[in-house]
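For reference, the chains in residue letters:
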Amino acid sequence: MFRLRKKVNCDHNATTPVSRSVRKAMLKILTSFQANPSTPYRDGRLAAQLVEGARQDLAAALNVGPDTIIFTSGATEANNHLRSIAPLMPSGRRSIIYNPMEHPAVLEPLRLLAEDSYKLIAAEPDRYGRIGVADLKRQWSDEIGLAVLMGANNETGTLYDLKAMAEFVHLNGAFLFSDLVQALGKTPLDLTDLGVDYASFSAHKIYGPKGVGALYVKTGAPFAPFMVGGGQENGRRAGTESLHNLAGLAAAARDIPVLLGKTSGLRQLKETFIEKISEFYPRVSFNTPPGSGSQPGTVSLTLPGLDNAFLLGQLDFHGISAAAGSACRTGENDPSHALTAIGLSPEAARSTLRLSFGHDFSPRELAYVLKIFKIILLGDEHKRITVLKPGDLTEDFLFQKDLTVIHIKRFPRFQGQKPLPGSRVTALADSSAWEELKPAGPLLLTCDAGYDAPIMAWRLRRRGFKNLSVLAFGLWGLKMTRPDFLARIEALSREEGNEHEP
Ligand code: PLP
């Protein structure tokens, strides 16, 4: 009988699927609204009304006035306003205190401010990523004009007591900018009550479309635009409004109460996951604060001695999408900055996975996820693929007669590490590379940082490939640890005229 492969999305902190109500609202706009909201005729006026309606919907969800909402292309753009806001801080104060676990969309603008002679002070989170007023107090100086403190952390799920921190920051004459992307829809957010001065949001984390978000600016808080050009958003953010995206964002915002209604059930399922996995694999440890101190569906777990890149490939093989707690976008295998900030060693960070269950996560899905974790952690399935650490790679292995080496790039045009001599190069999403390969022959898969090769290896395993090896930590790891070996095999392959090249 034909059996569908099970798929469970456990990566909702990366993005959420577009909900039915969002899709409906967007389709309506895409099929019937063509006008530019800045135009004066009837359709333009209707489009402008739609933009204002979306503003009211989001403002109502946050319990603030609509004038405080500026639409942006997402939270990254909203966070980049740090660069235009920092110079407006009181009496030229040029120190900024921040949570070192912030998303790169916050850390990069801060880094640029530091290059412009701002002083950055990293707050010190505890083992679970928590920061409180006492921590701010300990590091506070009168030079601080801005505190940058997220509402929920995307990797550990830590939730922060922003109200208390906002009070402290204001008492000390400074402003508070908060990335609330991961808090929205997961914990009640009343911005008037919280008192933050600036906040950023993204629609695609609450079942809305990608490419749209908002910046909240409290009435009276200093503001200067980051995007300049036309006079849209009352002169505060230039660029023609993305009507269909705004319709989607508005629908997602209207559904926030529904999301919040599902959080306690979701939290219970997460607690069961934590309990069960601790039972059958007692070596596990958790980086997510216990109880209500974290997002309801996020769990960060460290599995000592296991490589998260390999685990991700194995989970993918079983239809489960999850995330590693390590940055892998740059082609370098740096351990996650958020995990090292809470005291994890680089090794522990590389053994850490993040699961983020969606609001509709079900007991059946949980049972499946637990079953697969049991197979992965207690079984011997992992032996089906050979993992070569950089130190394991030998000339004999690389120059064996039938070996095919495939180098996997995340994106076709990404300029990454130089592939091993004689490699075929393919993109992660491209299946043509293996179609003409013989499943019996030995195959070595490499990638830049060690994340994409295991994913591909498990996909090939599913297609019947048997003699599979992957290079752990990628070519970046090999370059870092064995530059001489790399130089030697390159020289050898030149001498041999790339004999083993396919
Ligand atoms: N801030 C946090 C905490 C996030 O998790 C993300 C998305 O991953 C962003 C900012 C960036 O949001 P966007 O994708 O809308 O630019």
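Every value quoted in this text rests on a predicted model; they were computed, and no experiment measured them. (Residues numbered from 1 in each chain as written. Predicted model: local features only at pLDDT ≥ 70, side-chain atom pairs only at ≥ 80, totals over all residues. Heavy atoms only, no water.)

Caption draft 1: Layout of the packing of helix 20 (residues 474-481) against helix 21 (residues 483-495). Between helix 20 and helix 21, the least distance of the axes is 5 Å, while the angle of their chain directions is 105 degrees. Regarding the angle of helix 20 to helix 21, the classification is roughly perpendicular. Taken together, the residues of helix 21 that come into contact with helix 20 (itself represented by Leu 478, Lys 479, Met 480 and Thr 481) are Pro 483, Phe 485 and Leu 486. Looking at the contact of helix 20 with helix 21 residue by residue, the classes come out as five nonpolar, one polar and one charged. (Axes fitted to C-alpha atoms, helices over the stretch in contact; angles between N-to-C directions. Helix = DSSP H or I, 4+ residues; strand = E, 2+ residues; numbered from the N terminus. Parallel < 35°, antiparallel > 145°, perpendicular 65-115°, else oblique. Contact = heavy atoms within 4.5 Å. Nonpolar A, V, L, I, M, F, W, Y, C, P; charged D, E, K, R; others polar.)

Caption draft 2: Seen up close, the pairing of strand 6 (residues 175-179). A large share of strand 6 lies buried, amounting to five of its five residues. With burial as the criterion, each face of strand 6 is covered, one bearing Phe 175, Phe 177 and Asp 179 and the other bearing Leu 176 and Ser 178. Pairing geometry for strand 5 (residues 144-148) and strand 6, over three bridges, is parallel. If you follow Leu 146 over to strand 6, its bridge partner there is Phe 175. Of the strand pairs in this sheet, strand 6 and strand 7 (residues 198-202) are connected by three bridges, and their pairing is parallel. Within the sheet, the bridge partner assigned to Asp 179 lies in strand 7 and is Ser 200. (Buried < 20%, exposed > 50% of the residue type's maximum accessible area, 1.4 Å probe, protein only. Pairing = 2+ DSSP bridges.)

Caption draft 3: Up close: the sheet that holds strand 9 (residues 285-286). The strand order 9-10-13-12 describes an open sheet built from four strands, whose pairing is antiparallel. Only two strands of the sheet have a single partner each, and these edge strands are strand 9 and strand 12 (323-324). Relative to the sheet, helix 12 (residues 263-280) contacts strand 9, strand 10 (298-302) and strand 13 (352-356), its axis offset from that of strand 10 by approximately 15 degrees.

Caption draft 4: Examining the domain arrangement of the protein more closely. Partitioning the protein into domains gives domain 1 (8-13 + 261-383), domain 2 (20-258) and domain 3 (384-495). Taking only C-alpha atoms into account, the centre of domain 1 sits 26 Å from that of domain 3. Across the boundary between the two partners, domain 1 contributes 23 residues, which contact 18 residues of domain 3. Summing the contributions of domain 1 and of domain 3, the shared interface buries around 1900 Å²; its carbon and sulfur component is 63%. (Domains from an automatic or database assignment. Buried area = accessible area lost by both parts, 1.4 Å probe.)

Caption draft 5: Molecular detail of the site of the ligand. The ligand sits among 13 residues. The nearest are Thr 76, Asp 179, Gln 182, Ser 202 and Lys 205. A distance of 2.5 Å is found between an oxygen atom of the ligand and a side-chain nitrogen or oxygen belonging to Thr 76. Relative to its free-state accessible area of 390 Å², the ligand is covered by the protein chains to the extent of 85%. Counting residues per element, the shell around the ligand draws most heavily on helix 3 (residues 75-80), at three residues. (Near = heavy atom within 4 Å. Polar contact = N/O pair within 3.5 Å; in protein donor to acceptor, adjacent residues only side chain to side chain. Areas by Shrake-Rupley, 256 points an atom, 1.4 Å probe, with all protein chains shown as cover.)

Caption draft 6: Local environment of the packing of helix 12 against helix 16 (residues 363-378). Interaxial distance between helix 12 and helix 16 falls to 11 Å at its minimum, and their mutual angle equals 25 degrees. On the basis of the axis angle, helix 12 is roughly parallel to helix 16. Judged by the twist between their axes, the crossing of helix 12 over helix 16 is right-handed. Residues Leu 269, Thr 272, Phe 273, Lys 276, Ile 277 and Phe 280 of helix 12 form the contact with helix 16, whose participating residues are Pro 363, Leu 366, Val 369, Leu 370, Phe 373, Lys 374, Leu 377 and Leu 378. For the contact of helix 12 with helix 16, the class distribution of residues is 11 nonpolar, one polar and two charged. (Left-handed = near helix turned anticlockwise from the far one by under 90°.)

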